[in-house]
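If you want the building blocks of each chain, they are given just below.
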Amino acid sequence: MALKMVKGSIDRMFDKNLQDLVRGIRNHKEDEAKYISQCIDEIKQELKQDNIAVKANAVCKLTYLQMLGYDISWAAFNIIEVMSASKFTFKRIGYLAASQSFHEGTDVIMLTTNQIRKDLSSPSQYDTGVALTGLSCFVTPDLARDLANDIMTLMSHTKPYIRKKAVLIMYKVFLKYPESLRPAFPRLKEKLEDPDPGVQSAAVNVICELARRNPKNYLSLAPLFFKLMTSSTNNWVLIKIIKLFGALTPLEPRLGKKLIEPLTNLIHSTSAMSLLYECVNTVIAVLISLSSGMPNHSASIQLCVQKLRILIEDSDQNLKYLGLLAMSKILKTHPKSVQSHKDLILQCLDDKDESIRLRALDLLYGMVSKKNLMEIVKKLMTHVDKAEGTTYRDELLTKIIDICSQSNYQYITNFEWYISILVELTRLEGTRHGHLIAAQMLDVAIRVKAIRKFAVSQMSSLLDSAHLLASSTQRNGICEVLYAAAWICGEFSEHLQEPHHTLEAMLRPKVTTLPGHIQAVYVQNVVKLYASILQQKEQAGEAEGAQAVTQLMVDRLPQFVQSADLEVQERASCILQLVKHIQKLQAKDVPVAEEVSALFAGELNPVAPKAQKKVPVPEGLDLDAWINEPLSDSESEDERPRAVFHEEEQRRPKHRPSEADEEELARRREARKQEQANNPFYIKSSPSPQKRYQDTPGVEHIPVVQIDLSVPLKVPGLPMSDQYVKLEEERRHQQKLEKDKRRKKRKEKEKKGKRRHGSLPTESDEDIAPAQQVDIVTEEMPENALPSDEDDKDPNDPYRALDIDLDKPLADSEKLPIQKHRNAETSKSPEKEDVPVAEKKSKKPKKKEKKHKEKGRDKEKKKEKEKKKSPKPRKKKHKKEKEERTKGKKSKKQPPGSEEAAGEAAREPVQNGAPEEEPLPPESSYSLLAENSYIKMTCDVRGSLQEDSQVTVAIVLENRSNSVLKGMELSVLDSLNARMARPQGSSVHDGVPVPFQLPPGVSNEAQFVFTIQSVVTAQKLKGTLSFIAKNDEGATQEKLDFRLHFSCSSYLVTTPCYSDAFAKLLESGDLSMSSVKVDGIQLSFQNLLAKICFHHHFSVVERVDSCASMYSRSIQGHHVCLLVKKGENSVSVDGKCSDPTLLSNLLEEMKATLAKC
Amino acid sequence: MIQAILVFNNHGKPRLVRFYQRFPEEIQQQIVRETFHLVLKRDDNICNFLEGGSLIGGSDYKLIYRHYATLYFVFCVDSSESELGILDLIQVHLPVVFFTAPKVFVETLDKCFENVCELDLIFHMDKVHYILQEVVMGGMVLETNMNEIVAQIEAQNRLEKSEGGLSAAPARAVSAVKNINLPEIPRNINIGDLNIKVPNLSQFV
């Protein structure tokens, strides 16, 4: 014994304490890991000691090692030992270690419950405090449930030190154990008015956190908070409350109106910037929510902007940053008031702090006007030159392009200027946005006719300059602009000053270092150039010159023929042969220029990305039906990259001389069809019919249109479709003309003859999209540029939409609501992570509360749906809008008190996809099991997520005879896969008694539990019900055989699933897929879904039109996802499931159900 | 909510890591590293807000930091916290911000360690945690009144002293002796020897 004690104290003397450990680690910089592992060994030894001080010391060192990234979960039990030490010193160490390392997965954590409870009720406030602090970090649902009550009583502790900690920890308890919220809330509310400011602040803190997630439920507290706001002097509390109001105002506009005054007072009076800033923020939120309602808030905006200006002008970078951040919020709703501070924001562009410059850039977007655009961009360009980091420079670049191109180049008054800006931007080395510049160049050159000459000259010098070629290594690098340059020079070669020079530039050997897709464009456009040079030379009668050019081509093209890129190679060899042929002809003195340039005759017009989609399908035309069985696979190539779009475009017109009579057309049509079948690029690249219509005058446009539609159909010479197309085209043409005229007249009126570039040849059909674009070039920008954009949005006129790409402005307006929502969603994460699992865990008493929560969430979901809907297809807009409106009204009208009911109502359709209006025919889930003259058995099989691998079979026994049935016993022959749960001690062969008797005419239900091994296949069990039928005449032993059918659906349990979780599930990629299709279904989609929900235990996740996603979960946790689509007469069900067998069986069952419909 | 409080030095060595949301140790280290690289790039005279790193949270989260001598104090907070409030909480040097609440965190450390420097933090990580616990609890700000905070910390320190502290007197004496006289190597050998011998001894007992 003595020795042991000696040993103990000697050990103790040489134990390292935390400081020694730290020092040791610092002294072992070279072999830190080795040293630490040595220390851990020592710590393990120390933890084996009985002395609690030694253990505490060891645990303290472990806490340090944990910070360095070492896992100390192995010492969890020792940590608990130290936590339970009686001395505060040790206890504190233990709780600290626990708070750093314990989490829900720590299994020994359940051992702490009683210890913590003891500490909570300890007479020493610091023991209690330390326990509360520790618990706040590692509270689990179990701990929360068990300790909620103890903590609640602590909320009224005499010591404010304990009270404030108890109040604060309640938030964590609510998160883990939501059921506690309702009971604890009254007390929490009380604490808002606690005499101690610390406790009050804690209560505000907790309620603000709660309200942030679910503002609606806390609207009723608004008056109380309002009182607090006007009375409290604690800035920390004020900030929290004001932030909370910011979240509440969107829900209750009346609140916002009330808030404005006290907030403005605070803004005027406070000296604390943090408080001022939050006040301004909330005022902005109020103003946004009121933006339509109240006319007289310009003073408030002015005040906000003015205060923000003070922040931005401040020398403190933080204030500057926040000021700009808040400013951008105002910009969205009140751009005018921000615009007056343009000077300041431009100043911020010069700031040394990149984050501030970026914020200022965001604001610039809303600052530009026609007047100042050039000035602003000039400024940005100087920044581009100065910027060091590529990320900031790239950001600048995209911003410049964004600003200039916004609202369809609304603010650009001089396109020559814009082109030169773009050309200047190409000097940026190492940018990732070469393709952006290229796209802009193309866009402008194509859409603004008047600029082409200038653009071409700029582009040819670009092609000539070497610096771009040098950077060809980087993908998406600046060399991308060569793509645009080459194309523009080729396509508009008639504007070139020195075509020969440009041609040579494009044929330089260095070009072969460019990426393949750019080379391909080079090759194609070299030919265009060549064609125009040839024409010039021939017209000038320089036969030799023409031959020299041909020779140049023949000499240089082979370098492309050798390219590794297939596209380049193919085009090059094709063209090389062509040129060689021309050479032969030239040798014979045959004039060729005419024919060569015919290859590229015709002009291109910009086509809206959605143009193809907008071409309406003529009546009676089913695009999906095969007319002839498919032989060629030309469809598969539909998805050509857009990039090559433009070159392909002009291939076709080459076969179309400008004059053609009907007869010839007919002949050609045949030929063309042949050709089109072999032209893989056909469908995508064809511009929409009326587009082409505009610039190809006369009869010629008709065949073009015919092709457009007839090819996708692959009708070999069907006059019918041609007719359709012709008619359709005629109609469109007419429409177009009328509209154009109307539009033009209007425009002209507005412009009052100011238009300079009314220079377009005639007022005929030529004047459509391009005409407008040219107008843009003139200094007088028509004010009606926007109105005409709106015209295009008109849902009744899909054609207008073809003209202009509205993507950018739209994208902005679309993004905002979605993003906002996403934020809200992610912030929900604590319990949202995996809903199905959470469901599984929940025990019965929890359910009620959980439902309550879900309701809230569902409401949000629903809202989200509504939001999502709005920017969707235009066709159905009217209908949907109406729906939305009514829905919106519904949810708004409800006073805060009736939330529950609203939740209930909102929940219904989403959750179980139950019909919204349509009543369903009543159905029973009980199916007939067996019957005879005595008894009828119907049964229903139910799974439950609570019990793994168990299903309950509920059998309704109905006595049909006039005897009393008693002594009923159910015996089932177990299979390998399914066994009936029998009372303890009974053998497999024993039957299970039915716990009741049945008098004549009475029915009752008995439940039997079966354990299932594998749920992936359906199965049948044979069984017998034996009973004694007793009547006046005596008793007889009877029996009834039955077959119990366990379908796969019966293993599914209706489980709600949220669309995000659902999407995650689908993305996870662990699910296998399969599908079925059932024809001849007349049932409404609504009822159909209801049937699936009812019979197969699915729940609807989301439903859009005649398409719905559904979810269910097997008792063994297989996820089953369905996508149900309803066609005209058929229903297709695509399924994904973690088990393929289960899925295929399920789909079979579903098919059977649907077939009955 | 405050999601994490990180303190590390100019070289990215963690000095205090306090997460209010569970992350496995490796991830914690990764977050510290990522955060370090984010703030390291920034000059001292630019703003102290950073749109969050990829590991914690997402767009709702911000990093609010202060560079203080050799140390970075980084708070990762969501949008429910006031940026300037948190910045004040860490400590505000700029007189422009007239926030009436006291400059909490670093100043408290200042008071408790007299003149806080990195070494204090290194050797007394536990104490720093105890101070922090009086300011932030479970991710929420518990107290902003500096006098109150200091009073509570002092009371707890007194309590600890009355219990004799973590290391009993003899151990402390030896520790002092070790620190002064014995060079690194003999101490290690001593421990090694003892560890080998002791089991033999106990067998005899």
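Residues numbered from 1 in each chain as written. Chains lettered and ligands numbered in written order. Predicted model: local features only at pLDDT ≥ 70, side-chain atom pairs only at ≥ 80, totals over all residues. Heavy atoms only, no water.

The name given to chain B in an unreviewed UniProt entry is Adaptor related protein complex 3 subunit sigma 2, with Callithrix jacchus as the source organism. Looking at chain B in UniProt, the text filed under Sequence similarities (unreviewed entry) is "Belongs to the adaptor complexes small subunit family." (UniProt positions renumbered as here; feature names shortened; annotations may be inferred.)

An unreviewed UniProt entry lists chain A under the name AP-3 complex subunit delta-1, with Callithrix jacchus as the source organism. As stated in UniProt under Sequence similarities (unreviewed entry), the record for chain A gives "Belongs to the adaptor complexes large subunit family."

Let's shift gears to helix α6 (residues 146-162) of chain B. Along its 17 residues, α6(B) runs 24 Å from first to last C-alpha, staying within 8% of the 24 Å computed at 1.5 Å per residue. At the C-terminal side of α6(B), B:Gly164 shows a positive phi close to 95°. (Helix = DSSP H or I, 4+ residues; strand = E, 2+ residues; numbered from the N terminus. Expected span 1.5 Å × (residues − 1).)

The next thing to look at is the sheet that holds strand β1 (residues 2-9) of chain B. All names here are of chain B. One open sheet holds the five strands; their spatial order is β2-β1-β5-β4-β3, and the pairing between them is antiparallel. Each having just a single partner strand, β2 (14-19) and β3 (49-51) make up the two edges of the open sheet. The mean angle between the axes of side-by-side strands here comes to 20°, regardless of whether they run parallel or antiparallel. Across three bridges, the pairing between β3 and strand β4 (residues 62-68) is antiparallel. The residue bridging leucine 50 from the neighbouring strand is leucine 63, located in β4. (Pairing = 2+ DSSP bridges. Axes fitted to C-alpha atoms, helices over the stretch in contact; angles between N-to-C directions.)

What follows covers the packing of helix α10 (residues 160-176) of chain A against helix α11 (residues 181-191) of chain A. Residue and element names in this part refer to chain A. Axis separation between α10 and α11 bottoms out at 11 Å; the angle between their running directions is 145°. When the axes of α10 and α11 are compared, the crossing they make is left-handed. Between α10 and α11, the contacting residues are Arg163, Val167, Met170 and Phe174 on the first element and Leu181, Ala184, Leu188 and Lys191 on the second. Residue composition of the contact of α10 with α11, by class: six nonpolar, no polar and two charged. (Left-handed = near helix turned anticlockwise from the far one by under 90°. Contact = heavy atoms within 4.5 Å. Nonpolar A, V, L, I, M, F, W, Y, C, P; charged D, E, K, R; others polar.)

Residue and element names in this part refer to chain A. Non-glycine residue aspartate 589 carries a positive phi angle of around 65°. Summarising the element assignment, aspartate 589 is placed in the loop between α33 (566-587) and α34 (593-598). A residue is classified by how much of its surface remains accessible, and aspartate 589, at 60% relative accessible area, is exposed. Phi is positive for histidine 1097, close to 60°, though the residue is something other than glycine. (Buried < 20%, exposed > 50% of the residue type's maximum accessible area, 1.4 Å probe, protein only.)

This next bit is on the pattern of salt bridges. Residues and elements named next belong to chain A. As enumerated under the stated definition, the model contains 37 salt bridges over all chains in all. Across the pair aspartate 362 and lysine 399 runs a salt bridge, and its minimum N-O distance is 3.3 Å. Linking aspartate 362 in helix α21 (residues 354-364) with lysine 399 in helix α23 (residues 390-409), this pair joins segments that are 37 residues apart in sequence. Classification of lysine 399 as buried rests on a relative accessible area of 10%. (Salt bridge = Lys/Arg side-chain N within 4 Å of Asp/Glu carboxyl O.)

Attention now moves to the nonpolar core. Residue and element names in this part refer to chain A. Formed by 284 residues in total, the largest nonpolar core has its most connected members in Phe138, Ile151, Phe225, Tyr418 and Met441. Here the element with the most residues in this core is helix α30 (residues 516-540); it accounts for twelve residues. The residues contacting phenylalanine 225, other than those within four sequence positions of it, are Leu192, Val204, Ile207, Ile241, Leu244 and Phe245. Among the nonpolar cores identified, the runner-up in size contains 37 residues, and Ile935, Cys939, Val951 and Met980 belong to it. (Core = buried A, V, L, I, M, F, W, Y, C linked by side-chain atoms within 4.5 Å.)

So, about the interface of chain B and chain A. Listed as interface residues are 80 residues of chain B and, on the opposing side, 83 residues of chain A. Taking both partners together, chain B and chain A bury about 7,900 Å²; carbon and sulfur atoms supply 58% of that area. At the junction of chain B and chain A, the tally comes to six salt bridges. Residues B:Glu81 and A:Lys240 are paired through a salt bridge, measuring 3.3 Å at the closest nitrogen-oxygen approach. Applying the counting rule to chain B against chain A returns 28 residue pairs in polar contact (both at pLDDT 80 or more). Per-element tally for the side of chain B that touches chain A: the top contributor is α6(B), with seven residues. (Buried area = accessible area lost by both parts, 1.4 Å probe. Polar contact = N/O pair within 3.5 Å; in protein donor to acceptor, adjacent residues only side chain to side chain.)

A word on the pairing of β4(B). All names here are of chain B. Of all the seven residues making up β4, six are buried; the element is thus mostly covered by neighbouring parts of the structure. Pairing of β4 with strand β5 (residues 71-77), which is carried by seven bridges, proceeds in the antiparallel orientation. Within β5, the position partnered with isoleucine 64 by the bridge is phenylalanine 75. Linking two consecutive strands that pair antiparallel, namely β4 and β5, is a turn of two residues; a positive phi of about 55° is found at alanine 69 within it.

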